[in-house]
2 protein chains.
Amino acid sequence: MAKQFSYHQQGQDISVWAETEDGAIEEAKDELVNRDLNLDEDEIRENIRVIPSPQRIKSPAEDVLMDMRRRGGMEAAEVVEDGMDVGLGTGSTTAWAIAKIGWKIDEGTLQNVRGVATSLQSHELAKEAGIPLINVDEVTELDVAIDGADQWDPENPHVVKGGGASHAREKLIDSMAEKLVIATDENKTSTPLSYPIPLSILPESRTVVREWIRDQGGDPTLRYAEKKDGPLFTANGNLIVDCDFGDIEDPEERAERLARIPGAQEHGLFVNMVDEVVYGTDDDVETTRF
Amino acid sequence: MAKQFSYHQQGQDISVWAETEDGAIEEAKDELVNRDLNLDEDEIRENIRVIPSPQRIKSPAEDVLMDMRRRGGMEAAEVVEDGMDVGLGTGSTTAWAIAKIGWKIDEGTLQNVRGVATSLQSHELAKEAGIPLINVDEVTELDVAIDGADQWDPENPHVVKGGGASHAREKLIDSMAEKLVIATDENKTSTPLSYPIPLSILPESRTVVREWIRDQGGDPTLRYAEKKDGPLFTANGNLIVDCDFGDIEDPEERAERLARIPGAQEHGLFVNMVDEVVYGTDDDVETTRF
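Residues numbered from 1 in each chain as written. Chains lettered and ligands numbered in written order. Predicted model: local features only at pLDDT ≥ 70, side-chain atom pairs only at ≥ 80, totals over all residues. Heavy atoms only, no water.

1. Re the overall build of chain A
In terms of regular secondary structure, chain A is built from eight helices and 16 strands. Over its C-alpha atoms chain A spans a radius of gyration of 20 Å, differing by no more than 12% from the 19 Å that the globule rule assigns to 290 residues. If one aligns the C-alpha atoms of chain A with their principal axes, the spans along those axes are about 70 × 40 × 35 Å. Within chain A, buried positions represent 58% of all 290 residues. Sequence separation of at least 24 residues holds for 71% of the intrachain contacts in chain A that already meet a minimum separation of 6. (Helix = DSSP H or I, 4+ residues; strand = E, 2+ residues; numbered from the N terminus. Rg over C-alpha atoms; globule rule 2.2 N^0.38 Å. Buried < 20%, exposed > 50% of the residue type's maximum accessible area, 1.4 Å probe, protein only. Contact = heavy atoms within 4.5 Å.)

Structure, rendered in structure tokens:
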């Protein structure tokens, strides 16, 4: 995660950040000089906190969109109460929820919370944010899960997930939660859903599964890795086929047909699972409940 | 595979075998001496053929049952015709089908056949038997698949498979075949099916999936490995939970509910997939067609 100097005292409203703590302190010093303020290094350090690193979450988003996501993620974190076991999703919006939970634990306004990460990435973020973590196999129920989405439907409790290839663990953990809160932004909506559905598959099934997706009326694309030759492998050694069905008019039937494909491990269509969507807008944050 | 000296000339009917070719030649020489026959070593070698090794297929079956399986497997091989692409299943009965296909290729009575193996084990057997092999990703259709079963239903085209933990690849390859022939024996029948259904799952889902199986009315057991500490892993890095539901009264619904479990990769209930069952009996072999 990156580090942020966040200072809101003496009528000031300062927020600067850098990838490292030393970098953030330098940024803070520059800004304090600009504003004719005088804080010693210990005072500066006291106001440094962790934030998701744009480099780490590899977001292609521009600043305004990041700001939407920041608002969505931070607001979603408000659902977490003392003593809860929380599923921690993957992605650029959920990263802000993880950071916010960490800040609240750090401030002492949130206690006895335990997180279960949906990916190596959310595990690392949560660890750095100071959230106590347990393994997914240690519990069978979670109080709440906060997760992102590649596309959400404002009229129905369905989302498409898996752009980050973590949808299998996300669906597992989100299914364990009494309440699933999707943290996202207002630009990712579609009624009906139409985002290509990621399908994780056994590597040896890659040829015939694409044929079967075409038989089901979809347009399949094997996902290729960056920074590595050949296809992308998930944490469980599966490949990803992104299956474009255009408008998904009957998500229940689509989900069932995808689940039955031999060789398929998990698809990214989450049907009737969403309890709440917290989404950032241009200048605010809103909530849709199902 | 083991080696068999099989000699049916001069009014003789000799069949002896050993794990190695040298061993089989020694057995043959002993038997020929017993019968006062004189063959030189080249003539003996000409009548040596590969057979499934009881050690390799690790069958706990007694001789009579092996004989049933031998009959079932060898008869099932008759479905293969010139030019066919054939799915090659896993297990002690299918091993005999693989051997028989190899003999026919060797004799020249079967030509231009290509096999697709459902497991490392069937791949190795088929290679040794001399069947030309292609990878599963090279084709999207097979003419026929020959596979075993842990339990079959004489009244319905369903089987339970996966005692050998290969059911995911078996279901993939059997689904690619225009015709699925189950090679088995008469002792493995049940109407309705009642064999515990193997379910391959993501390792991290092992706790909650067992809870969900109990919610569905099943009795789950995590399968442990032999010759290795801890649970058994499949070729794709999944674990196996054997899910005992007692009598499976509604296999379609059961299959659908298992397929939808988050964390599940594939289950061993094959519903409406079977075209033909070839099964050995005490002294014969019979066929049921669906």
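2. Points about the sheet that holds strand 3 (residues 48-51) of chain B
All names here are of chain B. As summarised here, the arrangement of the three strands in space is 2-1-3, forming an open sheet in which the pairing is antiparallel. Of all the strands in the sheet, the pair left with one neighbour each is strand 2 (14-18) and strand 3. Within this sheet the neighbouring strands show an average axis-to-axis angle of 30 degrees, counted without direction. Sheet analysis places strand 1 (residues 2-7) next to strand 3, joined by four bridges and oriented antiparallel. By the bridge assignment, Gln 4 is partnered in strand 3 with Arg 49. Of the strands in this sheet, strand 1 and strand 3 are in contact with helix 5 (residues 92-107), which crosses strand 3 at around 150 degrees. (Pairing = 2+ DSSP bridges. Axes fitted to C-alpha atoms, helices over the stretch in contact; angles between N-to-C directions.)

3. Some remarks on the sheet that holds strand 4 (residues 85-88) of chain B
Backbone-to-backbone hydrogen bonds pair the strands of a sheet. The strands run either parallel or antiparallel. Residues and elements named next belong to chain B. Judged by pairing direction, the sheet is mixed, and its six strands sit side by side in the order 5-4-6-9-15-16 without closing on themselves. Strands with a single pairing partner mark the edges of an open sheet, and in this sheet they are strand 5 (114-117) and strand 16 (285-289). Shown here is a sheet whose adjacent strand axes are inclined to one another by a mean of 20 degrees, direction ignored. Pairing between strand 6 (residues 142-147) and strand 9 (residues 177-185): five bridges, direction parallel. Across the sheet, residue Leu 142 finds its bridge partner in strand 9, namely Ala 177.

4. Looking at the nonpolar core
In terms of nonpolar packing, the biggest core is built from 41 residues, with A:Met176, B:Leu199, B:Ile213, B:Ile261 and B:Leu269 touching the most fellow members. Mapped onto this core, the elements with two or more residues apiece are strand 6 (142-147), helix 6 (167-176), strand 9 (177-185) and strand 15 (276-280) of chain A together with strand 10 (197-201), helix 8 (206-215), strand 12 (239-244) and helix 9 (251-259) of chain B. When residues of this core are assigned to their parent elements, the largest contribution, four residues, is made by helix 8 of chain B. Among all residues touching B:Leu269, those that are not within four sequence positions of it are B:Val159, B:Val160, B:Lys171, B:Leu193, B:Ile197, B:Ile248, B:Pro251, B:Arg254 and B:Ala255. (Core = buried A, V, L, I, M, F, W, Y, C linked by side-chain atoms within 4.5 Å.)

5. Quick notes on the interface of chain B and chain A
If you look at the interface, chain B gives 31 residues, while chain A gives 31 residues. Summed over both partners, the interface of chain B with chain A buries about 2600 Å², with 60% contributed by carbon and sulfur atoms. Considering only the surface of chain B that becomes buried against chain A, B:Asp137, B:Leu172 and B:Glu204 emerge as the three largest contributors, covering 22% of it. Along the contact surface separating chain B from chain A lie four salt bridges. Put simply, B:Glu204 and A:Arg169 hold a salt bridge, and the shortest N to O gap is 2.3 Å. (Buried area = accessible area lost by both parts, 1.4 Å probe. Salt bridge = Lys/Arg side-chain N within 4 Å of Asp/Glu carboxyl O.)

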